[in-house]
Amino acid sequence: VVVAGPESVVKMVDYSKWKDIEISDDEDDTHPNIDTPSLFRWRHQARVERMSEKEQEKKQLDEERRKYDERVVCLKEQLKAAESCSSEGEKQERKKRVEKQLSDLQTDMKRVQLKHQEMEKKEKMEPWNIDTISKDGFDKSLINKDEKRNEADMSEEEKEEAMKVFVKSNEKLIKQYGMFRRYDDSNKFMTEHPNLACEHTANYLVIWCINLDLEGKNKLMRHVAHQAICLQFTLELAKQLDRDPRSCISAFFHRIQQTEPEYQRVFKEELLAFIKRIEKRCKEKVAEAEREAEEEEKKLRMGPGGLDPLVVLEELPQVLRDCFESQDISQLKVAIATMDPTDAARHMKRCVASGLWVPEAGDTNPNTGLLGGKDGEEEEDGDGDDIVGEKEEEPIYEKVEDSVD
């Protein structure tokens, strides 16, 4: 059993400070003619104004105490400097003057301290109210926002549409970025426009590089390619750190400017590989365009039977080719007469199918493709049959001849 001594007094919690709490709406019933809510608001406003005045007065006292401390330090330094005076009279006079100032300051300070003590005493005696009974420990606001749709969940059409919208809004800024030459300028520009740190900008720069090389602007393409690789490295750094690309802009440019040999080597290798891919792609696009042009040209020159006149002309015997090149119908008929009828008929039918030979409808010998009787005898005048390319007709043959040459 523990027996408490006479000096051990159990100190109980003092609840007296909770007895008087000033609350605006904690009042007795007011007169019916008085608007109670308005009365409570006025009383609260008056209390807030009184608290504001007291807080201002407290700040003034604190300012006076601060000035007093500064003045005391200054006078003590002067007092210390007076000790070094060579003249005893001057020394005593300066010390006496400084000590008097110190004494006056102490008197003023006692007055300030007395005011401060009185204010603290009043604050302790004042009842608590809704504004002083507690204070916020912390304040935090959360705002729900619609999350942007993940591009991985978007279809190709949606991605393409998103790309078009982005480029339409930022094409001018992207081209500005692509023309910078110094890392500091690029860093500053991207920091001012962080929304450009995304895949849409990188894709646009790649397309721009291809178009520049197709236009023969290889030097400018290489410059824009450098800017494109800077952005690609920024995006890759963001993926490695699992952070927003906008927060990695300064980190990349700081790192690339530190001249780390390994990092610089990797950057240059990736830049050269990117330029080679651009140039290779441009060559492929040129070859594709040439093939498409050839196909289109071939379609345009196809004859009524679906044969290419150039191919047919190349496959003709030399004697027939000379006739078509010289556009001599009489010589053509003589050459046909000297050939085997089967071969002559086959070659002339191919000429008709390719458009090299345009006979009159219904007058063509089915065996040779020429005008004449059923036995293969050609007419002497040759008024019904025309070699494509004669001057009075549409100059198809001349086009063929140029192509052959």
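These numbers were taken from a predicted model, which means no experiment stands behind them.

Topic: the environment of methionine 339
(1) Moving on: Here methionine 339 shows up in the loop between helix H11 (329-338) and helix H12 (341-354).
(2) Moving on: Owing to a relative accessible area of 17%, methionine 339 belongs among the buried residues under this scheme.
(3) Moving on: Separated by 19 residues in the primary sequence, methionine 339 and leucine 320 have C-alpha atoms spaced 9.8 Å apart.
(4) Moving on: Residue contacts for methionine 339: discarding those within four places in its chain leaves Pro317, Leu320, Ala344 and His347.

So, the confidence of the model for the protein chain
(1) Moving on: Averaged over all residues, the pLDDT of the protein chain is 76; the fraction at 70 or higher stands at 75%.
(2) Moving on: Counted against residues more than four places away or in other chains, residues 371-385, with its pLDDT under 50, gives 30 contacts.
(3) Moving on: When the criterion is pLDDT under 50, residues 388-405 qualifies, and its contacts beyond four places in sequence or with other chains add up to 27 contacts.

Describing the UniProt feature "coiled-coil region" (unreviewed entry) in the protein chain
(1) Moving on: Per the UniProt record, "coiled-coil region" (unreviewed entry) is found at residues 272-299.
(2) Moving on: For residues 272-299, the helix share is 100%, the strand share is 0%, and the end-to-end C-alpha distance is 41 Å.

Let's talk about the packing of helix H3 (residues 156-178) against helix H5 (residues 199-214)
(1) Moving on: Closest axis-to-axis distance for the H3/H5 pair is 8 Å, and the angle between their directions is 70°. Classified by the interaxial angle, the pair formed by H3 and H5 is roughly perpendicular. The segment H3 lies against H5, with Lys159, Ala162, Met163, Phe166, Val167, Glu171, Ile174, Lys175, Tyr177 and Gly178 engaging His200, Thr201, Asn203, Tyr204, Leu205 and Trp208.
(2) Moving on: Along the lines of polarity and charge, the residues of the contact of H3 with H5 split into nine nonpolar, four polar and three charged.

What to know about the packing of aromatic side chains
(1) Moving on: A full pass over the atoms with the stated rule returns seven aromatic pairs.
(2) Moving on: Residues phenylalanine 233 and phenylalanine 252 carry aromatic rings whose centres are separated by 6.3 Å and whose planes lie at 50° to one another, so their mutual orientation is tilted. Highlighted residues: phenylalanine 233 in helix H6 (residues 218-241) and phenylalanine 252 in helix H7 (residues 249-256), separated in sequence by 19 residues. Here phenylalanine 233 matches phenylalanine 252 in class, with each residue buried.
(3) Moving on: For the pair phenylalanine 252 and phenylalanine 267, a centre-to-centre distance of 6.4 Å together with 35° between the ring planes defines the contact as tilted. With a gap of 15 residues between them, phenylalanine 252 in helix H7 and phenylalanine 267 in helix H8 (residues 261-301) connect regions that are remote in the sequence. Across the pair, exposure class does not vary: phenylalanine 252 and phenylalanine 267 are buried alike.

Focus on a negative patch on the surface
(1) Moving on: On the surface, a cluster of negative charge is contributed by Glu55, Asp62, Glu120 and Glu123.
(2) Moving on: Contributions of two or more residues to the negative patch are made by helix H1 (36-82) and helix H2 (88-125).
(3) Moving on: As for its placement among the helices and strands, aspartate 62 is situated in helix H1.
(4) Moving on: Take aspartate 62: its relative accessible area is 35%, and that puts it in the partly exposed class.

Some words on the pattern of salt bridges
(1) Moving on: Under the definition given, this model contains 17 salt bridges.
(2) Moving on: A salt bridge links arginine 66 to glutamate 63; its shortest N-O distance comes to 2.3 Å. Of this pair, arginine 66 and glutamate 63 both sit in helix H1, three residues apart, roughly one helical turn.
(3) Moving on: A relative accessible area of 38% means that arginine 66 is categorised as partly exposed.
(4) Moving on: Measuring nitrogen to oxygen at the nearest pair gives 2.5 Å for the salt bridge that ties arginine 66 to glutamate 70. Of this pair, arginine 66 and glutamate 70 both sit in helix H1, four residues apart, roughly one helical turn.

Calculation criteria
Residues numbered from 1 in each chain as written. Predicted model: local features only at pLDDT ≥ 70, side-chain atom pairs only at ≥ 80, totals over all residues. Heavy atoms only, no water. Helix = DSSP H or I, 4+ residues; strand = E, 2+ residues; numbered from the N terminus. Buried < 20%, exposed > 50% of the residue type's maximum accessible area, 1.4 Å probe, protein only. Contact = heavy atoms within 4.5 Å. pLDDT = per-residue confidence, 0-100. UniProt positions renumbered as here; feature names shortened; annotations may be inferred. Axes fitted to C-alpha atoms, helices over the stretch in contact; angles between N-to-C directions. Parallel < 35°, antiparallel > 145°, perpendicular 65-115°, else oblique. Nonpolar A, V, L, I, M, F, W, Y, C, P; charged D, E, K, R; others polar. Phe/Tyr/Trp six-rings, centres within 6.5 Å; stacked < 30°, edge-to-face > 60°. Patch = residues over 30% accessible without salt bridge, like charges linked within 9 Å, V, L, I, M, F, W, Y side chains within 5 Å. Areas by Shrake-Rupley, 256 points an atom, 1.4 Å probe, with all protein chains shown as cover. Salt bridge = Lys/Arg side-chain N within 4 Å of Asp/Glu carboxyl O. Lys, Arg positive; Asp, Glu negative; His and termini not counted. Charge placed at Lys NZ, Arg CZ, Asp CG, Glu CD.

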